[in-house]
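For reference, the chains in residue letters:
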Amino acid sequence: MNTSKSRELFASAEKYIPGGVNSPVRAFKSVGLKPLFIEKASGYKTFDVDGNEFIDYVCSWGPLILGHSHPQVVESICRAAEKGSSYGAPCQQEIELAQLICEAIPSIDLVRMVNSGTEATMSAIRLARACTGRDKIVKFEGCYHGHADSFLIKAGSGLLTSGVPNSPGVPEAFANNTLVARYNDIDSVEEVFEKSGHEIAALIVEPVAGNMGLVPSRPEFLQGLRKITEEYGSLLIFDEVISGFRACYGAYQNEIGIEPDLTTLGKIIGGGLPVGAFGGKREVMEHIAPLGGVYQAGTLAGNPLAMAAGAETLKILKKEDPYDKMAKMCIFLTEKIKDVFAQRSIDCSINRMASMFSVFFTGNEVVDFESVMTADTEKYALFYREILERGVYFPPSQFEVCFVSSAHDLYAIENTVKIVSEALDKIS
Ligand SMILES: *Cc1c(COP(=O)(O)O)cnc(C)c1O
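Report on the accompanying structure.

About the cut-offs
Residues numbered from 1 in each chain as written. Predicted model: local features only at pLDDT ≥ 70, side-chain atom pairs only at ≥ 80, totals over all residues. Heavy atoms only, no water. Helix = DSSP H or I, 4+ residues; strand = E, 2+ residues; numbered from the N terminus. Buried < 20%, exposed > 50% of the residue type's maximum accessible area, 1.4 Å probe, protein only. Near = heavy atom within 4 Å. Polar contact = N/O pair within 3.5 Å; in protein donor to acceptor, adjacent residues only side chain to side chain. Areas by Shrake-Rupley, 256 points an atom, 1.4 Å probe, with all protein chains shown as cover. Nonpolar A, V, L, I, M, F, W, Y, C, P; charged D, E, K, R; others polar.

## Looking at unusual backbone geometry
The linkage connecting A289 with the following residue, P290, adopts the cis geometry, with an omega of 10°. In this fold, P290 is placed in the loop between α9 (282-285) and α10 (304-320). One non-glycine residue, F28, adopts positive backbone phi at about 65°. Topologically, F28 is positioned in the loop between α1 (4-16) and β1 (38-42). We classify F28 as buried; its relative accessible area is 2%. Phi is positive for C59, which is not a glycine, with a value near 50°. Among the structural elements, C59 can be located in the loop between β3 (53-56) and α2 (71-81). Here C59 falls in the buried class, since its relative accessible area comes to 0%.

Below is the structure:
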């Protein structure tokens, strides 16, 4: 595969942008490659600047559930742009997206738009802290909630101690207020609450973990979280930035019938433009300015382009209901991949839910951060280079999720299986 133009561009990018990228995973470091520069993308296909074509399972890390440059979404953006890109004043498109979200997710009476998932989770915990008058939050090992200081915290030496910063530049003071528990392990949560429950403002969780690879939650785990947080008067925040409108039309909480106090959204609700949102019951959301004292704002928040792209995406999802079709494609693909691994006696553990999946290079069942970490990242890198060479674009990290969009068809899926088997032959 010729990647000379990408290499040239990457060298230029490195001159002006730290590491040549605006988000670290894009640097392809963990698979030992240099990033490809993308020229264009359409449906399930991505084309790099050297003219190589890929079947894309990254889909911009989740937002593009309808595939790239869906004609109706593109048209909605163009139509909005003709009338101005941002007013810093209310516009009708904001109501449309907010209404679609509130109607689709029963636990959300009011929703505030922001520009990213990071802003959504950051604002949600500020709100939770204000509502409860408490400072501490609980998160889970392996869950990602954007890059705000309070979330870049990993477990300390023991569960009952406070967390430790996961990045230089995060003050100890933040780590002291973030407690870390184990995903899918309700006992670890009980332990944390027994010790500090009355100081805990909120517990935040990805109800479908999608940032350590895909790790579905056990239903009794989420039920347990609802019960414990209620018992201690802490708010339960479902971070559905990935799972929102991915697992089904609405949020994953709809499927399992658990209502969190606050929900954070992003990715799909922006239709490929920068959007995040947080919402919940009226009594909680009324603490936000200008109704209440909790300050939260955004120069470009709710801008008409982003709102139009998001609303159009949700309207198409609602009308065309591609969820069944996407899930079937995903089942077909993952079952075939499983066979291909089994035929060659290569260890793999595949997690799948709706149109998301992860292929872990491990023989262990993957249910939490600890089991995720048993995956062989070097083998993934070897595999990655072979599939990329042959035209399949998976996330350049073992610990990210693959997405099937409504644009992926049987032809793409069968081609992928063929390429995966060729890649495995090459590395085994
Ligand atoms: C992507 C993601 C975020 C952060 O969203 P950004 O738009 O990248 O800031 C937060 N939470 C979850 C669960 C995510 O997957």
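## As for the site of the ligand
Close contacts around the ligand come from S116, G117, T118, Y144, H145, G146, E206, N211, D239, V241, I242 and K267, and that covers them all. Contact distances for the ligand include 3.1 Å between an oxygen atom and a side-chain N or O atom of N211. One of the side-chain nitrogen or oxygen atoms of D239 is found 2.7 Å away from a nitrogen atom of the ligand. Relative to its unbound accessible surface of 380 Å², the ligand loses 83% to contact with the protein. Among the residues forming the shell around the ligand, the class breakdown is three nonpolar, six polar and three charged.

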